Amino acid sequence: EKLKEAERKLVQVESEREEVKGRLVKAEEAVVKAEGAQAAMREDCEGQLAEMQHKLDAALEEKEQEAGSLSSRNQKLEREIEAVKHKTETADAAAAWLHSTAAKRDAELARCQGELVEAKKGVEKLKEEVGELERKL
């Protein structure tokens, strides 16, 4: 009877062990997915920021050259420079949002990694329990 009970417990532990393994695999997949998404988002954001900065620099340089030639154009350029400043502020706000989003992804990754660590601890504990049950058998 004790042997049957031990076998039942062993089957239960094995079942729990497989469940933990499944959760561990899912957690590892989530980490990989989050890392990929984070890297893609950062790369995309950096590309967009560089492109926006290049466009803003080119527009500002063009407007500065025109301002040197005519005073009437100077007034027009001052209005356009204000528009470029507004675009820069918008770009800065977008950059802040993108950095915030990246920070949220980093936090999600850290959470997933924490779950992975906990799952690994659970697997080790189950391995120890299985070892104890095997010794008892």
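Everything numeric here is computed off the predicted structure, so don't read it as measured data.

1. Some words on the overall build of the protein
If you tally the helices and strands in the protein, you get two helices and zero strands. For the protein, the spread of C-alpha atoms along the principal axes amounts to about 100 × 15 × 15 Å. The buried share among the 137 residues of the protein stands at 21%. Of the accessible surface of the protein, which amounts to about 10200 Å², a share of 54% is contributed by carbon and sulfur atoms. The average position of the 26 basic charges and that of the 33 acidic charges among the side chains of the protein differ by 5 Å.

2. Notes on the nonpolar core
One finds Val20, Leu24, Ala27, Leu116, Ala119, Val123 and Leu126 forming the largest nonpolar core, which totals seven residues. Taken together, the elements giving at least two residues each to this core come down to helix H1 (2-69) and helix H2 (71-136). For Ala119, the contacting residues outside a window of four places in its chain are Val20 and Leu24.

3. With respect to the pattern of salt bridges
Two side chains carrying opposite charge are able to pair once their charged atoms lie near each other. On inspection of all chains with the given rule, the structure shows 13 salt bridges. Lys63 serves as the salt-bridge partner of Glu62, at 3.8 Å between the closest nitrogen and oxygen. Of the residues examined, Glu62 reaches a relative accessible area of 41% and is grouped as partly exposed. Here Glu115 and Arg111 are joined by a salt bridge, their closest N and O atoms 2.2 Å apart. Taken together, the residues Glu115 and Arg111, both in helix H2 and four residues apart, mark about one turn of the helix. Residue classification places Glu115 among the partly exposed positions, given a relative accessible area of 38%. On the basis of relative accessibility, which here comes to 41%, the residue Arg111 falls in the partly exposed class. A single salt-bridge network, built from bridges that share partners, covers Glu62, Lys63 and Glu80.

4. Comments concerning the environment of Ala119
Among the structural elements, Ala119 can be located in helix H2. Distance from Ala119 to Ala27, taken between C-alpha atoms, is 8.3 Å for residues 92 residues apart in sequence.

5. Points about the environment of Val13
Within the secondary structure, Val13 sits in helix H1. Setting aside its immediate chain neighbours within four residues, Val13 contacts Leu126, Val130 and Leu133.

What counts and how
Residues numbered from 1 in each chain as written. Predicted model: local features only at pLDDT ≥ 70, side-chain atom pairs only at ≥ 80, totals over all residues. Heavy atoms only, no water. Helix = DSSP H or I, 4+ residues; strand = E, 2+ residues; numbered from the N terminus. Buried < 20%, exposed > 50% of the residue type's maximum accessible area, 1.4 Å probe, protein only. Areas by Shrake-Rupley, 256 points an atom, 1.4 Å probe, with all protein chains shown as cover. Lys, Arg positive; Asp, Glu negative; His and termini not counted. Charge placed at Lys NZ, Arg CZ, Asp CG, Glu CD. Core = buried A, V, L, I, M, F, W, Y, C linked by side-chain atoms within 4.5 Å. Contact = heavy atoms within 4.5 Å. Salt bridge = Lys/Arg side-chain N within 4 Å of Asp/Glu carboxyl O.

Shape is all these values report; function is a separate question.
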